[in-house]
Amino acid sequence: MKLTQASTREDILIVDDNPANLRLLAETLIGEGYAVRAAPNGRLAIEATRARTPDLILLDIRMPDMNGFEVCAILKQTPASQDIPIIFLSALHETTDKLKGFEAGGVDYITKPFAPEEVLVRVRTHLDLRALRRNLEKRVDERTEQLARSEQRFRAIFEQAAVGIAEVGLDGRWLMTNQRLCDILGCGREELAALSFQDATHPDDIEAGLALVRRTLDGELDSYSQEKRYLRKDGTTVWVNLTVALVRDVDGTPAYFISVVED
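Residues numbered from 1 in each chain as written. Predicted model: local features only at pLDDT ≥ 70, side-chain atom pairs only at ≥ 80, totals over all residues. Heavy atoms only, no water.

**Re the overall build of the protein**
Here comes step 1: Helix and strand counts for the protein come out as nine helices and 10 strands.
Here comes step 2: On C-alpha atoms alone, the protein measures out to a radius of gyration of 32 Å, which is more than a quarter above the 18 Å that the 2.2 N^0.38 rule sets for 263 residues.
Here comes step 3: Considering only C-alpha atoms, the protein reaches an extent of 95 × 35 × 35 Å along its principal axes.
Here comes step 4: In the protein, the proportion of contacts linking residues at least 24 apart, taken out of those at least 6 apart, comes to 51%.
Here comes step 5: Here the protein displays about 14600 Å² of accessible surface, and carbon together with sulfur accounts for 53% of that area.
Here comes step 6: Placing the 33 positive and 43 negative side-chain charges of the protein at their respective mean positions leaves the two points 5 Å apart. (Helix = DSSP H or I, 4+ residues; strand = E, 2+ residues; numbered from the N terminus. Rg over C-alpha atoms; globule rule 2.2 N^0.38 Å. Contact = heavy atoms within 4.5 Å. Areas by Shrake-Rupley, 256 points an atom, 1.4 Å probe, with all protein chains shown as cover. Lys, Arg positive; Asp, Glu negative; His and termini not counted. Charge placed at Lys NZ, Arg CZ, Asp CG, Glu CD.)

This is the structure we're talking about:
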């Protein structure tokens with residue numbers, strides 16, 4: 001099987017108290033184009049990680065003073081090193097040890113004696129997965145920032161509009177209103193949220209409005225406009241030009257109405 005050459009000098013830290021294992025792993029990885037550092041025990045491994053964060057760690061389990069599980073737990077508790085892929089190395093085959101390694105935060109497990117090709121395949125796989133995860137996280141962050149900017153622009157337009165704007169539920173209740181609509185109706189937002197559009201509509205105009213709503217929900221209309229009368233909080237009547245559009249979910253199901261009210 002042909003192995004892909006490392007595209008960049010990705011930094012790999014090898015932690016093993018056996019000099020022969022360190023040498024074999026280092027030669028294997030350097031020959032594939034990786035930058036390699038070695039640590040003969042857990043304490044030095046933690047110091048090396050803090051000095052420069054590696055892209056991946058090959059970590060022996062059975063070491064004096066501090067075993068691999070303990071080293072992994074410390075690294076996973078530190079924000080700068082918690083997302084480093086850690087592949088455990090051990091001559092033991094017990095399932096309990098493997099499960100303990102995964103519970104500590106390891107991503108894979110290589111049993112000694114290991115074949116160089118197996119090491120390279122597993123290393124490359126987890127480096128690629130880490131790069132993919134980071135790329136996805138970056139795209140999510142960028143998308144989140146874009147959405148935040150869009151929301152900010154929408155809020156500015158919504159609040160500063162010279163006409164009344166409302167998001168109206170299918171039951172006729174005002175879900176969200178701007179200040180201009182509050183001014184037109186002489187009500188506060190909380191007061192409007194407790195009402196439906198029928199509550200604020202002149203009795204003589206209610207049936208005509210409901211008929212247009214039914215035609216829109218039945219699919220006859222995408223939007224409609226009408227002149228109608230609203231009743232202000234003080235009981236006076238205000239004539240408005242109302243434009244209503246139905247917003248649908250991605251599956252086509254009616255979601256809510258957007259109403260634009262011009263005094």
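**A look at helix H3 (residues 68-76)**
Here comes step 1: Within the span of H3, buried status applies to Gly68, Phe69, Val71, Cys72 and Leu75. With its buried residues spanning 160° around the axis, H3 presents them on a single face.
Here comes step 2: Of the residues that open H3, the one with a side-chain oxygen 3.0 Å from the backbone nitrogen of Phe69 is Asn67. (Buried < 20%, exposed > 50% of the residue type's maximum accessible area, 1.4 Å probe, protein only. Arc of directions from axis to C-beta. Polar contact = N/O pair within 3.5 Å; in protein donor to acceptor, adjacent residues only side chain to side chain.)

**So, the sheet that holds strand E2 (residues 35-39)**
Here comes step 1: Strands sit in the order E2-E1-E3-E4-E5 across an open sheet of five strands; the sheet is parallel. Each having just a single partner strand, E2 and strand E5 (108-111) make up the two edges of the open sheet. The sheet shows a mean angle of 20° between the axes of neighbouring strands, taken without regard to direction.
Here comes step 2: The strands that helix H5 (residues 116-160) touches are strand E1 (11-15), strand E3 (56-60), strand E4 (86-90) and E5; relative to E5, the one it contacts most, it runs at about 170°. (Pairing = 2+ DSSP bridges. Axes fitted to C-alpha atoms, helices over the stretch in contact; angles between N-to-C directions.)

**Some details on the packing of helix H1 (residues 19-31) against H5**
Here comes step 1: At a closest axis distance of 10 Å, the pairing of H1 and H5 adopts a crossing angle of 60°. By the angle between their axes, H1 is oblique relative to H5. Considering only the axes of H1 and H5, their crossing is right-handed. Contact with H1, carried on its side by Leu25, Thr28 and Leu29, involves Pro116, Val119, Leu120 and Val123 of H5 and no other residues of that element.
Here comes step 2: Considered class by class, the residues forming the contact of H1 with H5 number six nonpolar, one polar and no charged. (Parallel < 35°, antiparallel > 145°, perpendicular 65-115°, else oblique. Left-handed = near helix turned anticlockwise from the far one by under 90°. Nonpolar A, V, L, I, M, F, W, Y, C, P; charged D, E, K, R; others polar.)

**Digging into the environment of Thr253**
Here comes step 1: Tracing the sequence through the fold places Thr253 in the loop between strand E9 (237-248) and strand E10 (254-262).
Here comes step 2: The sequence separation of Thr253 and Pro19 amounts to 234 residues, and the corresponding C-alpha distance is 66 Å.
Here comes step 3: Those residues in contact with Thr253, other than ones at most four positions away along the chain, are Val247 and Arg248.

**Observations concerning the pattern of salt bridges**
Here comes step 1: This model, assessed by the stated rule, comprises 20 salt bridges.
Here comes step 2: In this structure, Asp83 and Arg130 form a salt bridge, with 3.5 Å as the shortest nitrogen-oxygen distance. On the criterion of sequence distance, the pair formed by Asp83 in the loop between H3 and E4 and Arg130 in helix H5 is long-range, its members being 47 residues apart.
Here comes step 3: Here Arg232 makes a salt bridge to Asp234, at a shortest N to O gap of 3.9 Å.
Here comes step 4: Residue class for Arg232 comes out partly exposed when judged on its relative accessible area of 26%. (Salt bridge = Lys/Arg side-chain N within 4 Å of Asp/Glu carboxyl O.)

Note that all results are geometric; they support no functional claim without further evidence.
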